[in-house]
Amino acid sequence: MKRFFHTGSQEILVALTSYYYSFIDVMEFRVRQLRSWHFYLLKFVGTVNFDFTKSYLDLIVTYTSVIMMLSRIDDRKVLTAMYNCAHEMSNGNSDPSYPRLGQMILEYDHPWKKLTEEFGPHTKSVTGAVLSLHMVYPRRNLGAEQWRSAQLLSLLSVPADMLSPACCETMPCEYLPMEVMERWIILGFLLCHSSLNTNQASQDLWKMALRSGLYITLIRDETINIHKVTEDYFDTLKGYSKRIADIKECREHVIVNCGAIHKEKRQFLRNAIKELCKILEDEPGLLGPKALYVCMALAFSRDEVLWLVRHSENVPKTKTPEDYIDSQLAELLFYTEKLKTLMCRHSRVLQRYHLQYLAQFDALALNDTIQNMNVCPEEESVLMTSFVSTLSALTVKQVENGEEFDFRALRLDWLRLQAYTSVAKAPLCLKDYPDLAKIMNMTEFHTKMMDDIDGVLRETSDLSILCFYPRVFEKMFSQGCEDVLMQRYLIAFPLVCSHFNQCTHQMCPEEMDAIEKRSLRFCVTFLEEIAKQTCSIVLEICAEQCNLDDQLLPKHCAHTISTARNKKQKKQVPKKGEVQREKPGTESMRKDRAVVTNMDKLHLTLTELCSSLNYCNHFTVWDHVIIPPEYLLSQLEINLAKVIVRMANYNKATHEITRPSDLLAGIKAYTSSLYTLSRYLSVDVTRLVKSVLLQQTQPLDSQGDQTITTLYTSWYLEGLLRQASSALIIHCPTMHCFVNQPNENETRFKAEEYSDVSGENLLLPFTISWSNNEQTLHTECRKLVIDNMDVLVQIRSNFDKPEAMTNLQSRLPASENVLKRMTIIGVILSFRAMIQAALGDVRINAFLGSIQEQDMISPETDIKATLSVFELASAAGLSCDIDPALVTAIANMRTEEEYKLTYLLLIYVAVSLPILAVDPNSYYSREYGGHHNNIHCLATAINQLSAAMFTAQNKNIEQHLKEFLFVASSTLLQLGQNVERTDSKNRDSIYLLLHMIVEESPFLSQDMLEKCFPYALLRNAYRDVYKSSIITLG
């Protein structure tokens, strides 16, 4: 039992350590801050000692936010108590920090009460620091109408001042986040609320902040309802009834008006920033004098976006909820990103301008100000003298030479000077010298334009908080997708994902992986959605174009010709109810250009989406380089493959499939339409088409789906070739296709339309692969050879003895089966040969010379090199003596036993040839150039199979084919001795088969045939066969 408790306590310690020590960190942070707060001796004026005041107020807000986050953890007491118990069970004593931690947690059960007690001694300092915003916050918190009347951010309002530098007395305050100021005001007066009843300026500033919105951020997505929190706390205090009434009044004002006010602000900023972008893009030299305008524009846009994000998650009950929905936010984000891009792209322009400004104006003005000061202690004098000397030493050559600037030391000295001169009894009080503060604040901004442009951009346009509002972020994107006019700006959402690395901190490395994954997930999701929409539009345009091209196909011309002929011959006009077919091209004729067709809408949408994807070649998200056009190519590759398969229209139940020529026409139409995409977007369409079509040559594509290779292979095997094996369809060497046999039953398709692989009817001929089927049939033939091996061995030895051969042939019961299977193999190989020949029409002629030069390699000397060359030649559409695909398919048949079965199979076929004369369909047709039962395909089967099998077994091909020829000749000559018998009815056609075997073989010759078979018999056979053929002329 003791061991059990020890093990359980260790697990509890491991699970709760991170929580417990986080609480310890909060406690230590609190103790340090309480000990170090002596700022009541200092003077804070935000417009003078800005950095010092900002740091102080940020510290107060951070401390308050940490305490509030601690109080929001409901199980904080349970977690600390469990950890302490587990620690006591494991170590025998309590954790040393537990008493103090427990005391702190108990004290902050009512956090606002305890916080106000802690800040009681600092009321004067906090109130003074917050009230220093009374000059800045009201000016920043104006409405859109006031912005518009003041022509805020406009460079064209006063053309004469376009080159004048934009500056003011409170430059750092001009791009200070509004939410930060509101947080300072709300939390500051909540902690030190006594001045709200005594100071009218405090009341005015406080009420103005309360009217700005309903929520402020504590950290990331943790917000507080400012009216509710303030009202609940003031309810516990006496004498604050008037303030509670003010809170309720402000809340009503926010609910009724605030949504519309910020909506108008966003509308104004969209137009103002768009104008600013256009001008600066055309004249980047204006970035120098107007850099402050850019920072203000970025900050104002950031403020409005963050306000919308906070309130979109918590929309109040209002009559106008649409004010909290902005479908045009994509445009504002886009131009914000564009302004940032311009600042980064023209950083040298900014550096050159501000270097001259620092050296030739700021340094001189600062020196004059120092000279006019009445009191200047030695330490302060040294700091200010160093400012002047540092700025005066700057030269333009430093920019031209590409030197790196670093003014962090100067800015740190300025912060140190603010601290020295803000003490209550300082000999030099900065508040008495506002000109010095103004020049130094302006100088600080100018130095940041020299060495910290990225930092300024982060400060003014950071939208990393969107990482913690996934639903709002995705909803904003989907709203932009629905608006056609916003589609060109959708790329802004993936670009915003590059901000998310700014919300991490080095002290919390454990969350970086999670935020990185979330950033990439958002970025990829948005880009994929844009790519899907673009892909859908592209393929819809391609489908429309394919339909138009289909109208121009020759198969549709009969109706047009018939109509024209009837019109010429003045035949009967169609009835009124009959629909007249429109001629191709009618869709392009329009009387009014204002009439918008479907294609116009599609091209407009495509233009908008492609503009979005083409905005930047690449951007970086967490060290990952993102290339937007590649997402479109990926989607096109996936969907184009699906479209091609759908165009095949394969029906497994009815065995119907699109004609290859029609599918080819469709693919050509899609391909030609895809090439127009390069007018909109910089993408490699050729690579896309090659990738898709090459995948279609495999059984499965990259997504694991079936390809047209699989569909057509299945259809040809189950449909065309199965009927060819039953002699319902004939292989026609004369026309290089398959044709239907005359049949009483209605045929489902015309074989010649699906097997004419010449010219325009060629459809990716290299996609068809039959190796598996051939190997199955060959395996069945091997079984028959094994069953009759003894008889075949005797036949091989006695083929020249007619009496013995007659007896042995009668002992071969399965001759018809062997011939049938070999015929099927021949039909398959003949179809492959047709495809291989047609492949030459599309081969790349530049490669043919190098391939044909390899003819000097012979199989006898180097079989591996020969097969490699043959494989290359076969891919180019050249005929080869040995089929490398067949050799690969039977590469495992290299044993001596397999060799014996191979040559006995040839013997089996040779002695079975006379049986074919009995079949009435074995007659030779001059019209088709083959036999009516496809036995002429035996020639292809015998030659290619024997060449492949003996090559795989490293045996002499010619020797064994000669042996086959001798045995076949001997058995066929016996047909000539039986003139009266019925089994010699088609004897002449079988003689021609023997001749075809020799003609097609690269290893046999006519001389070899004449040695074993009289040429006179062949000549007479051709004469008799051709005499019976009906020839029509004219």
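Taking an unreviewed UniProt entry as the reference, the chain is identified by name as NCK associated protein 1 like belonging to Scleropages formosus.

Participant: So what's going on with the overall build of the chain? Residues and values would help.
Facilitator: Of regular secondary structure, the chain possesses 44 helices and eight strands. Considering the chain as a whole, with its 1034 residues, one finds that 51% of them fall into the buried category. Across the chain, the fraction of contacts at a sequence separation of at least 24, relative to all contacts at a separation of at least 6, is 78%. Roughly 50500 Å² of accessible area belongs to the chain as shown, and the carbon and sulfur atoms make up 52% of that amount.

Participant: So what about the environment of Leu677? Which residues, and what values?
Facilitator: Examined against the element boundaries, Leu677 turns out to sit in the loop between helix H28 (660-674) and helix H29 (685-695). The spatial distance from the C-alpha of Leu677 to the C-alpha of Leu606 is 9.0 Å, given a sequence separation of 71 residues. Aside from chain neighbours lying at most four places away, what touches Leu677 is Val538, Leu606, Cys610, Leu632, Leu636 and Val683.

Participant: Lay out the packing of aromatic side chains with the relevant residues and their values.
Facilitator: Tallied over the entire structure, the rule returns 36 aromatic pairs. Here Tyr1022 and Tyr1026 contribute two aromatic rings whose centre-to-centre distance is 6.1 Å and whose plane-to-plane angle is 50 degrees, an arrangement assigned as tilted. Placement of the pair is Tyr1022 and Tyr1026 together in helix H44 (residues 1015-1027), with a separation of four residues, close to one helical turn. By relative accessible area, Tyr1022 is classed as partly exposed at 25%. Here the aromatic residues Phe473, Phe477, Phe493, Phe500, Phe522 and Phe526 are joined through ring pairs into a cluster of three or more.

Participant: I'd like a description of the pairing of strand S1 (residues 215-219), backed by residues and values.
Facilitator: A large share of S1 lies buried, amounting to four of its five residues. In terms of strand pairing, S1 meets strand S2 (residues 222-225) through four bridges, oriented antiparallel. Directly across from Ile219, in S2, lies its bridge partner Glu222. With antiparallel pairing between neighbouring strands as the criterion, S1 and S2 make up a hairpin whose turn holds two residues, including Arg220 at a positive phi of roughly 50 degrees.

Participant: Tell me about unusual backbone geometry, and name the residues and values.
Facilitator: Positive phi, normally seen in glycine, also occurs at Gln151, with a value near 50 degrees. Summarising the element assignment, Gln151 is placed in the loop between helix H8 (144-149) and helix H9 (171-174). Within the chain, Arg220 stands out as a residue other than glycine whose phi angle is a positive 50 degrees. The topology assignment puts Arg220 in the loop between S1 and S2.

Participant: Can you break down the pairing of strand S5 (residues 729-732) residue by residue, with the values?
Facilitator: A regular strand places its side chains so that they alternate between the two faces of the sheet. Where burial is concerned, the two faces of S5 agree: the one with Ile729 and His731 and the one with Ile730 and Cys732 are both buried. Relative to strand S6 (residues 737-740), S5 runs antiparallel, the two being bridged by four bridges. The residue of S6 that forms the bridge with Cys732 is Cys737. Remark: four residues form the turn of the hairpin made by S5 and S6, two consecutive strands paired antiparallel; His736 in that turn has positive phi of roughly 55 degrees.

Participant: Explain the nonpolar core to me, using residue names and the numbers behind them.
Facilitator: Counting residues in hydrophobic clusters, the biggest one holds 139 residues, and the most contacted among them are Phe500, Leu720 and Phe738. Among the nonpolar cores identified, the runner-up in size contains 72 residues, and Leu829, Leu905, Leu906 and Leu975 belong to it.

Participant: If you had to explain the packing of helix H27 (residues 628-648) against H28 to someone new, which residues and values would you point to?
Facilitator: Two elements in contact, H27 and H28, have axes separated by 9 Å at closest approach and are oriented at 155 degrees. Between H27 and H28, the interaxial angle falls into the category roughly antiparallel. Read as a crossing pair, H27 and H28 show a hand that is right-handed. The segment H27 lies against H28, with Leu636, Leu640, Val643, Ile644, Met647 and Ala648 engaging Leu663, Gly666, Ile667, Tyr670 and Leu674. Of the residues contributing to the contact of H27 with H28, the split by class is 10 nonpolar, one polar and no charged.

Participant: Quick one: what's the story with H44, residue by residue and with numbers?
Facilitator: Across its 13 residues, H44 extends 18 Å between first and last C-alpha, which sits within 8% of the 18 Å expected from 1.5 Å per residue. Every buried residue of H44 is listed here: Leu1018, Ala1021 and Val1025. Seen from one end, H44 has its buried residues packed into an arc of 60 degrees, which puts them on one side. Contacts from the buried residues of H44 go to strand S7 (924-925), helix H42 (987-1000) and helix H43 (1006-1012).

Participant: Talk me through the packing of helix H14 (residues 291-312) against helix H21 (residues 453-461); I want residue IDs and the actual numbers.
Facilitator: It is the contact of H14 with H21, at a shortest axis distance of 7 Å, that shows an interaxial angle of 35 degrees. Between H14 and H21, the residues in contact are Cys295, Leu298, Ala299 and Arg302 and Val456, Leu457, Glu459, Thr460 and Ser461, respectively. Residue classes in the contact of H14 with H21 are distributed as five nonpolar, two polar and two charged.

Participant: Please set out the side chain of Gln695 residue by residue, giving values where relevant.
Facilitator: The topology assignment puts Gln695 in helix H29. Among the polar contacts made by the side chain of Gln695, one reaches the main-chain amide nitrogen of Ser702 at a distance of 2.9 Å. Apart from the residues lying within four places of it in its own chain, the contact partners of Gln695 are Glu637, Leu700, Asp701, Ser702 and Thr707.

Participant: Could you give an account of the environment of Tyr335, naming the residues involved and the relevant values?
Facilitator: Mapped onto the secondary structure, Tyr335 falls in helix H15 (residues 329-345). Note on Tyr335: relative accessible area 5%, which makes it buried. Put simply, Tyr335 and Leu269 are 66 residues apart on the chain and 9.8 Å apart in space, counted from C-alpha to C-alpha. Setting aside residues up to four positions removed in sequence, Tyr335 forms contacts with Ile273, Lys274, Cys277, Lys278 and Tyr489.

Participant: Talk me through the pattern of salt bridges; I want residue IDs and the actual numbers.
Facilitator: If you walk through the whole model with that rule in mind, you get 35 salt bridges. Note that Lys54 is salt-bridged to Asp58, the shortest N-O span being 3.1 Å. Placement of the pair is Lys54 and Asp58 together in helix H2 (residues 50-71), with a separation of four residues, close to one helical turn. For Asp58, a relative accessible area of 25% puts it in the partly exposed group.

Participant: Give a description of the environment of Thr62 that names residues and reports values.
Facilitator: Relative to the assigned elements, Thr62 resides in helix H2. On the accessibility criterion, Thr62 (42% relative accessible area) is partly exposed. The spatial distance from the C-alpha of Thr62 to the C-alpha of Leu218 is 8.2 Å, given a sequence separation of 156 residues.

Participant: Break down the state of the cysteines for me, with residues and values.
Facilitator: What is meant by a disulfide is a covalent connection between two cysteines, made through their sulfur atoms. With the rule as written, the count across this model stands at zero disulfides. Lacking any disulfide linkage, Cys173 is separated from the closest cysteine sulfur, that of Cys168, by 8.0 Å. In this structure Cys173 comes out as buried when scored by relative accessible area, which is 3%.

Participant: Let's hear about helix H3 (residues 76-91): which residues, and what values?
Facilitator: End to end, H3 covers 22 Å across 16 residues, agreeing with the expected 22 Å (1.5 Å per residue, within 8%). What H3 keeps buried is the set Arg76, Leu79, Thr80, Tyr83, Asn84, Ala86, His87 and Ser90. Down the axis of H3, the buried set is contained in an arc of 165 degrees. They therefore lie on one face. Just downstream of H3 lies Gly92, where phi reads positive at about 85 degrees.

Participant: Before we move on, could you go through the confidence of the model for the chain and cite the residues and values that matter?
Facilitator: Of all residues in the chain, 89% attain a pLDDT of 70 or more, and the chain-wide mean is 83. pLDDT under 50 marks residues 1-5. Its contacts with residues more than four places away, or in other chains, come to one contact. Contacts from residues 759-771, a stretch scored under 50 in pLDDT, to residues over four places away or in other chains number 40 contacts.

The rules we used
Every chain's residues receive numbers from 1 upward, in the order its sequence appears when written. Since the coordinates come from a predicted model, pLDDT governs what is reported: local features require at least 70, and pairs of side-chain atoms require 80 or more to be given and counted, while whole-chain, interface and lining totals use all residues. Excluding hydrogens and water, the side-chain values take into account all heavy atoms of the structure. Numbering of helices and strands runs from the N terminus; a helix is a DSSP stretch of H or I covering at least four residues, while a strand is a stretch of E covering at least two. Buried means the residue's accessible area, taken with a 1.4 Å probe over protein chains only, is under 20% of the maximum for its type, while exposed means over 50%, and partly exposed covers the values in between. Whether two residues are in contact is decided by their heavy atoms: any pair within 4.5 Å suffices. In short, Shrake-Rupley with a 1.4 Å probe defines the accessible areas, and a residue's cover is counted only from the protein chains shown. Two rings belonging to Phe, Tyr or Trp (six-membered ring only in the last case) form a pair when the distance between their centres is within 6.5 Å. Interplanar angles under 30 degrees mark stacking, angles over 60 mark edge-to-face geometry, and anything in between is tilted. At least two bridges found by DSSP between two strands is the condition for calling them paired. Remark: nonpolar core denotes a set of buried residues (Ala, Val, Leu, Ile, Met, Phe, Trp, Tyr, Cys) joined through side-chain atoms within 4.5 Å. To get an axis, a line is fitted to the C-alpha atoms, and for a helix only the part in contact is used. The angle between two axes follows their N-to-C directions and goes from 0 to 180 degrees. Note on angle classes: values under 35 degrees are labelled roughly parallel, values over 145 roughly antiparallel, values of 65 to 115 roughly perpendicular, and the remainder oblique. Helix crossings are classified by the rotation of the near helix relative to the far one: an anticlockwise turn of less than a right angle makes the crossing left-handed, while a clockwise turn makes it right-handed. Three categories are distinguished: nonpolar for Ala, Val, Leu, Ile, Met, Phe, Trp, Tyr, Cys and Pro, charged for Asp, Glu, Lys and Arg, and polar for the others, with Gly belonging to the last. To estimate how far a helix should reach, multiply one less than its number of residues by 1.5 Å. It is the directions from the helix axis to the C-beta atoms whose arc is reported. Two N or O atoms count as a polar contact when they lie within 3.5 Å, although within protein this holds only if one can serve as hydrogen donor and the other as acceptor, and sequence-adjacent residues are included solely when both atoms are side-chain atoms. Salt bridge criterion: a side-chain nitrogen from Lys or Arg within 4 Å of a carboxyl oxygen from Asp or Glu. The disulfide criterion used throughout: a pair of cysteine sulfur atoms within 2.5 Å. Per-residue confidence from the predictor is reported as pLDDT, a score between 0 and 100.

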